[in-house]
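# Examining the three-dimensional arrangement
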Amino acid sequence: MELVSERRTLPGGTGTSALRTVRAMTRTEAFVWLPVAAAEDLTPRQLRAYALIAFAQARGIALTEAELAAGLLHHSGQKAGQPISVTAASAVVDAVEAARWVTVQRRVGAQGRHRYVTTSLPRPVRTVAARRSLGLLKRL
């Protein structure tokens, strides 16, 4: 299923709402399943990066950071519709990796590319020191 969201504004320019519709996918369309928990845990841009990485992984495509940046577009402002920079894409991937939805194996792929491996659920933090630094463990 694909969820399509269309922003709507009243004729006077006040008030906004979203009209959401669901479209069934056909068997011939290329798609990838994403966990709902990822949508709840990641920002919209991080979720789009996660989806691009998951799609490339399912298709066996080795992504470069430039290709990833080209797939992530600005959604507002003067640059709306244009791809984000490679530096910004790298920062987004770093945030998704910090949230444990993606593991980045740096410079291990073909021609020194990074290899991105998605996870269906983020890995739990194992060490007490790491859990404490992330605020997951309260001090007694």
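Preceding this section is the structure that the text describes.
Here we summarise the structure given alongside this text. Please read these numbers as outputs of a predicted model, since none were measured by experiment.

## Re the overall build of the protein chain
Scanning the protein chain from N- to C-terminus turns up 5 helices and 4 strands. Secondary structure elements of the protein chain occur, N-terminal to C-terminal, as β-β-α-α-α-α-β-β-α. Scored against the burial criterion, the 140 residues of the protein chain give a buried share of 18%. Taking the intrachain contacts of the protein chain between residues at least 6 apart in sequence as the baseline, contacts between residues at least 24 apart amount to 31%.

## Re the packing of aromatic side chains
Taken as a whole and assessed by the stated rule, the structure comprises 2 aromatic pairs. Measuring from centroid to centroid gives 5.8 Å for Phe31 and Trp33, while their planes differ by 85 degrees, and the two rings are edge-to-face. Exposure remark for Phe31: the relative accessible area of 39% places this residue in the partly exposed category. Centroid distance Tyr50 to Trp101: 5.6 Å. Interplanar angle 70 degrees. Geometry classified as edge-to-face.

## A word on the environment of Val104
Within the secondary structure layout, Val104 lies in strand S3 (residues 102–105). The spacing of Val104 and Arg115 is 11 residues in sequence and 5.8 Å in space, taken between C-alpha atoms. For Val104, the residues in contact, after removing those within four places along its chain, are Val93, Glu97, His114, Arg115 and Tyr116.

## Details of the pattern of salt bridges
In this structure the tally under the stated criterion is 3 salt bridges. The closest approach of N and O atoms between Arg23 and Glu29, which form a salt bridge, is 3.1 Å. For Glu29, a relative accessible area of 27% puts it in the partly exposed group. Between Glu97 and Arg106 there is a salt bridge, with the nearest N and O atoms lying 3.4 Å from each other. Overall, Glu97 belongs to the partly exposed group, its relative accessible area being 24%. Within this structure, Asp94, Glu97 and Arg106 form a network of salt bridges that share partners.

Thresholds, definitions, all that
Residues numbered from 1 in each chain as written. Predicted model: local features only at pLDDT ≥ 70, side-chain atom pairs only at ≥ 80, totals over all residues. Heavy atoms only, no water. Helix = DSSP H or I, 4+ residues; strand = E, 2+ residues; numbered from the N terminus. Buried < 20%, exposed > 50% of the residue type's maximum accessible area, 1.4 Å probe, protein only. Contact = heavy atoms within 4.5 Å. Phe/Tyr/Trp six-rings, centres within 6.5 Å; stacked < 30°, edge-to-face > 60°. Salt bridge = Lys/Arg side-chain N within 4 Å of Asp/Glu carboxyl O.

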